[in-house]
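Residue strings, one per chain:
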Amino acid sequence: MTSYIIRRLGIGVITLLLITFLVYGLVRNIPGTPFTSDLAQMNPSKMMSPEAAEKLNRLYGLDKPWYQAYFHWMSNVLQGDFGVSYSRNNKPVGTLILERMPATLLLSSTSLVLAYLLSVPIGLWSSARADSPSERTASTLLYMLYSLPAFVAALYLQLLFYVKLDWLPLYGMTSDDYATFTTGGKVWDLLLHATLPVICFTYGSLAFYSRFIRANMQEVLRQDYIRTARAKGVAPLTIIWKHAFRNTLIPFVTLVGLSLPGLFSGAVILEQIFSWPGMGRLYFESIGQRDYNVIMGLTLMFSVLTLAGQLLADILYAVVDPRVTYN
Amino acid sequence: MLTTPPEVETMLAESAEPSAGFWFESWRRFRKRKLAVVALTFVVALTAIAATAPLIAGTRPIVTRYKGELYFPALWYYNRSWENPIFNKDRFRANYIASLQAKDPESWAIWPLVYQDPYRRVRGDLVWPDTPENPANGPPSRYNWFGTNSQGFDVFASMVHGAQTAVSVGFVSMSIAAAIGITLGALAGYFGGWIDTIISRIIEVVMCIPSLVLILALVALLDRVTNFHLMVIVGCTGWTGIARLTRAEFMKLKQLEFVSAARAMGAGSTRIMFTHILRNSLAPVLVPITFGIADAILIESGLSFLGFGASPPNPSWGTLLAAGRNSIEQTWWLIVFPGAAIFLTVLAYNLIGEGLQEATDPRLRQDAH
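Reading the values: rules and limits
- Residues numbered from 1 in each chain as written.
- Chains lettered and ligands numbered in written order.
- Predicted model: local features only at pLDDT ≥ 70, side-chain atom pairs only at ≥ 80, totals over all residues.
- Heavy atoms only, no water.
- Helix = DSSP H or I, 4+ residues; strand = E, 2+ residues; numbered from the N terminus.
- Buried < 20%, exposed > 50% of the residue type's maximum accessible area, 1.4 Å probe, protein only.
- Expected span 1.5 Å × (residues − 1).
- Bend = angle between axes of the 7 residues up to and from the residue.
- Contact = heavy atoms within 4.5 Å.
- Buried area = accessible area lost by both parts, 1.4 Å probe.
- Polar contact = N/O pair within 3.5 Å; in protein donor to acceptor, adjacent residues only side chain to side chain.
- Patch = residues over 30% accessible without salt bridge, like charges linked within 9 Å, V, L, I, M, F, W, Y side chains within 5 Å.
- Areas by Shrake-Rupley, 256 points an atom, 1.4 Å probe, with all protein chains shown as cover.
- Salt bridge = Lys/Arg side-chain N within 4 Å of Asp/Glu carboxyl O.
- Axes fitted to C-alpha atoms, helices over the stretch in contact; angles between N-to-C directions.
- Parallel < 35°, antiparallel > 145°, perpendicular 65-115°, else oblique.
- Left-handed = near helix turned anticlockwise from the far one by under 90°.
- Nonpolar A, V, L, I, M, F, W, Y, C, P; charged D, E, K, R; others polar.
- Pairing = 2+ DSSP bridges.
- Phe/Tyr/Trp six-rings, centres within 6.5 Å; stacked < 30°, edge-to-face > 60°.
- Lys NZ or Arg CZ within 6 Å of the ring centre and 35° of its normal.

1. Considerations on the overall build of chain A
Part 1 of the argument: Helix and strand content of chain A: 14 helices and zero strands.
Part 2 of the argument: Counting from the amino terminus, helix and strand elements in chain A follow one another as α-α-α-α-α-α-α-α-α-α-α-α-α-α.
Part 3 of the argument: Its C-alpha atoms give chain A principal-axis dimensions of about 85 × 60 × 35 Å.
Part 4 of the argument: The buried share of chain A, taken over its 327 residues, is 45%.

Written out as structure tokens, the structure reads:
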């Protein structure tokens with residue numbers, strides 16, 4: 001096991017180097033630099049003189065070819081320095097990411113918990129009532145939800161709850177006069193603003209998880225030991241919950257590992273639609289502003305999380321299933 | 001004297017008939033799933049709409065007889081250079097409704113079903129006789145079935161022509177992805193060893209790069225984005241699932257007897273890979289390709305929605321949605337109709353993919369009986 005983990009970590013480091021190298025090359029080759037800003041494009045008089053641009057480029061190491069600059073960036077990262085954001089007053093990238101993290105975590109953790117809490121009963125119910133008309137209808141509806149693109153759902157919900165009913169705010173995380181509210185009012189305000197994004201974040205994974213549970217349950221329910229349990233007269237509910245569901249937990253825990261990166265990455269389009277000040281939006285803005293260090297910092301974080309999630313899933317798999325060994 | 005029992009005789013007679021082939025059997029199973037068949041019908045209809053978009057909505061005649069010759073001005077929608085130069089020479093200014101009668105009273109024309117244009121506003125002398133001009137931001141009406149946008153372009157016409165974008169992006173990008181994915185997956189699965197190690201690393205790297213960064217960076221590199229660019233980009237980023245599945249299938253199948261038999265008969269690696277193994281692994285590989293088409297359509301509309309799609313003027317469902325979002329309080333029709341089109345198309349491809357999965361997976365087949 002230990003040697004397996006060490007080997008996986010080694011491969012992971014190589015993969016990380018490749019990913020960051022590729023992404024660095026890509027973003028550095030996008031036309032424009034952080035200093036040819038939108039402002040300058042709109043107003044030529046704000047355009048920087050070539051000398052000033054040259055000076056700035058040299059200051060930030062942007063005058064070097066990208067592959068040299070990449071090693072410069074990498075060696076800084078290895079010393080714990082992720083650089084500064086060019087377009088946000090030279091704020092350190094680490095601080096910037098930490099600032100944006102709570103907003104994304106608020107959405108993603110709420111929706112993850114909701115999805116798990118709801119999908120287990122739905123999945124169990126549909127495997128217990130397999131092939132009944134109500135189950136078929138529910139499964140079809142869930143499948144339709146799974147195919148509904150989040151940005152379409154977001155716009156539909158905004159139309160319904162903002163334009164038509166006027167119950168919920170259109171976007172943003174807080175109202176303009178948020179600071180004047182009492183604590184209870186602040187929580188309520190946040191809740192109102194978070195409702196639609198949380199729904200959009202949740203429904204897709206809810207549909208996916210409950211289908212996943214149902215598929216695994218169907219596999220398990222065909223096993224001989226379930227027939228044995230039925231034959232000796234165990235109550236149907238006990239069979240579902242104790243005999244069958246426990247044995248479907250093995251593939252289920254791997255899902256937990258794989259959902260780790262999604263927890264932090266946020267959804268670019270959703271955060272854009274709801275103007276939610278999270279990581280996905282930061283990413284999108286940074287690409288537009290050619291803010292290389294922020295893009296690289298976020299890419300590094302997402303890739304580390306993705307690889308760690310995969311490793312975690314594989315390790316958890318061996319932990320919960322004694323039949324699985326890595327040698 | 002020995003006689004064959006009658007039941008054996010019927011058995012012999014049955015076995016004499018050729019058994020149904022794999023694809024026929026799969027089609028029979030696929031047909032049993034009503035939703036999958038409905039989805040397939042939808043996709044076929046959508047493809048037909050996309051292919052014949054200029055005949056359904058447009059402001060250029062499908063066929064016209066002008067000065068004694070037959071012309072097909074609607075071909076302009078397929079390719080800008082297919083419009084006959086005579087109309088340019090005769091100063092039509094792309095306005096057939098006013099010019100045809102004025103320049104040649106003898107002329108006649110067959111017009112598209114809906115006289116509306118995705119690229120311009122029907123107004124002034126461009127309007128059909130006795131109908132009103134297109135209003136800007138007009139709600140759905142008799143003349144503009146799905147309303148109009150802020151420039152007065154007809155939404156229905158844009159959506160019909162936008163189907164072309166969606167369908168072609170889905171097909172072409174997944175053809176590219178399938179070509180890359182099947183080739184790499186086949187190489188990795190068949191040869192194994194260091195080739196497998198390298199290809200598996202490449203797959204892992206491409207999977208780990210946030211696809212949005214890759215796509216946004218590639219789009220930003222281009223000066224003027226066309227649908228073809230989008231297809232190539234989506235195809236070059238969306239092949240990993242296909243490659244992994246092909247690799248697994250090849251690893252499984254290369255150990256079977258028919259591969260050894262082919263090798264014993266002197267077949268080369270390429271021949272074994274692409275005529276023997278690939279043919280037997282085509283069914284499971286089709287499943288991620290179908291799901292991939294849904295993904296590609298989703299990515300294209302998402303990119304257009306974010307403003308990173310093909311450069312205007314290019315009708316895309318995502319572009320319509322983006323316009324609808326900007327005036328969400330007034331123009332619900334710019335959100336509801338294109339949103340439903342994206343949703344239904346994605347749903348249809350997913351349903352087909354699932355039907356295909358269940359129809360071609362032998363494990364599920366045994367369970368059904």
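From this point, things continue past the structure.
2. As for helix α10 (residues 236-258) of chain A
Residues and elements named next belong to chain A.
Part 1 of the argument: For α10, with 23 residues, the first-to-last C-alpha span of 32 Å sits near the 33 Å given by 1.5 Å per residue.
Part 2 of the argument: Taking the largest bend as the criterion, α10 deviates by roughly 45°, centred on F245.
Part 3 of the argument: Listing the buried residues of α10 in full gives I239, I240, A244, F245, T248, I250, P251, F252, V253, T254, L255 and G257.

3. Regarding the interface of chain A and chain B
Part 1 of the argument: Contacts between the two partners involve 41 residues from chain A, matched on the other side by 39 residues from chain B.
Part 2 of the argument: Among the residues chain A hides against chain B, the three largest losses belong to L26, Y143 and L155 of chain A. Together they make up 15% of the total.
Part 3 of the argument: Our count for the contact surface shared by chain A and chain B stands at nine residue pairs in polar contact (both at pLDDT 80 or more).
Part 4 of the argument: Those elements that place two or more of their residues in the side of chain A that touches chain B are α1 (2-28), α6 (133-147), α7 (150-164), α12 (268-273), α13 (279-289) and α14 (292-320) of chain A.
Part 5 of the argument: Looking at the side of chain A that touches chain B, the element that brings in the most residues is α7 of chain A, giving eight residues.

4. What about a nonpolar patch on the surface?
Residues and elements named next belong to chain B.
Part 1 of the argument: A contiguous nonpolar surface patch, about 770 Å² in accessible area, is contributed by L55, L70, F72, L75, Y78, W82, W108 and I110.
Part 2 of the argument: Turning to its location among the elements, W82 is positioned in the loop between β2 (69-71) and α5 (85-89).
Part 3 of the argument: Judged by relative accessible area, W82 falls into the partly exposed class, the value being 47%.

5. Notes on the packing of helix α11 (residues 240-253) of chain B against helix α13 (residues 269-306) of chain B
Residues and elements named next belong to chain B.
Part 1 of the argument: Direction vectors running N to C along α11 and α13 enclose 140°, while the axes themselves pass 9 Å from each other. Considering their axes alone, α11 and α13 lie oblique with respect to each other. In this structure, α11 crosses over α13, and the sense of that crossing is right-handed. Between α11 and α13, the contacting residues are I242, L245, T246, E249, F250 and L253 on the first element and M273, I277, L278, N280, S281, P284, V285, P288 and I289 on the second.
Part 2 of the argument: Residue composition of the contact of α11 with α13, by class: 11 nonpolar, three polar and one charged.

6. Considering the sheet that holds strand β3 (residues 108-110) of chain B
Hydrogen bonds between backbone atoms are what pair the strands of a sheet, whose relative direction is either parallel or antiparallel.
All names here are of chain B.
Part 1 of the argument: The strand order β2-β1-β3 describes an open sheet built from three strands, whose pairing is antiparallel. Two strands lie at the open edges of the sheet, namely β2 and β3, each paired on one side alone. Across the sheet, the axes of successive neighbouring strands diverge by a mean angle of 20°, strand direction being ignored.
Part 2 of the argument: Relative to β3, strand β1 (residues 63-66) runs antiparallel, the two being bridged by three bridges. Residue pairing for β3: R65 is matched across the bridge by W108.

7. Concerning the environment of S150 of chain B
Residue and element names in this part refer to chain B.
Part 1 of the argument: Among the secondary structure elements, S150 is positioned in the loop between β3 and α7 (155-191).
Part 2 of the argument: On the accessibility criterion, S150 (51% relative accessible area) is exposed.
Part 3 of the argument: Spatially, the C-alpha atoms of S150 and D130 are 23 Å apart, while their sequence positions differ by 20 residues.

8. What about the pairing of β1 of chain B?
Residues and elements named next belong to chain B.
Part 1 of the argument: In this sheet, β2 lies alongside β1 in antiparallel orientation, the contact comprising three bridges. Across the sheet, the residue bridging to T64 is Y71, located in β2.
Part 2 of the argument: Once β1 ends, the chain turns through two residues before running back antiparallel as β2, passing K67 with a positive phi of about 50°.

9. Focus on the packing of aromatic side chains
Part 1 of the argument: In total, this model carries 31 aromatic pairs over all chains according to the counting rule given.
Part 2 of the argument: When the centroid spacing of 5.0 Å and the interplanar angle of 80° are considered together, the rings of F21 of chain A and Y70 of chain A count as edge-to-face. Within this pair, whereas F21 of chain A is found in helix α1, its partner Y70 of chain A is found in helix α4 (residues 66-78), the two being separated by 49 residues in sequence.
Part 3 of the argument: A residue is classified by how much of its surface remains accessible, and F21 of chain A, at 29% relative accessible area, is partly exposed.
Part 4 of the argument: We classify Y70 of chain A as buried; its relative accessible area is 2%.
Part 5 of the argument: Ring geometry for Y77 of chain B against Y119 of chain B: centres 6.2 Å apart, planes inclined by 20°, an arrangement best described as stacked. Note that Y77 of chain B is positioned in the loop between β2 and α5 and Y119 of chain B in the loop between β3 and α7, a separation of 42 residues in sequence. Just as Y77 of chain B is buried, Y119 of chain B falls in that class too.
Part 6 of the argument: Every member of this aromatic cluster is reached through a ring pair, and the members are F21, Y24, W66, Y67, Y70, F71 and W73 of chain A.
Part 7 of the argument: Taking the ring centre of W76 of chain B as reference, the NZ or CZ of R60 of chain B above it sits at 3.7 Å.

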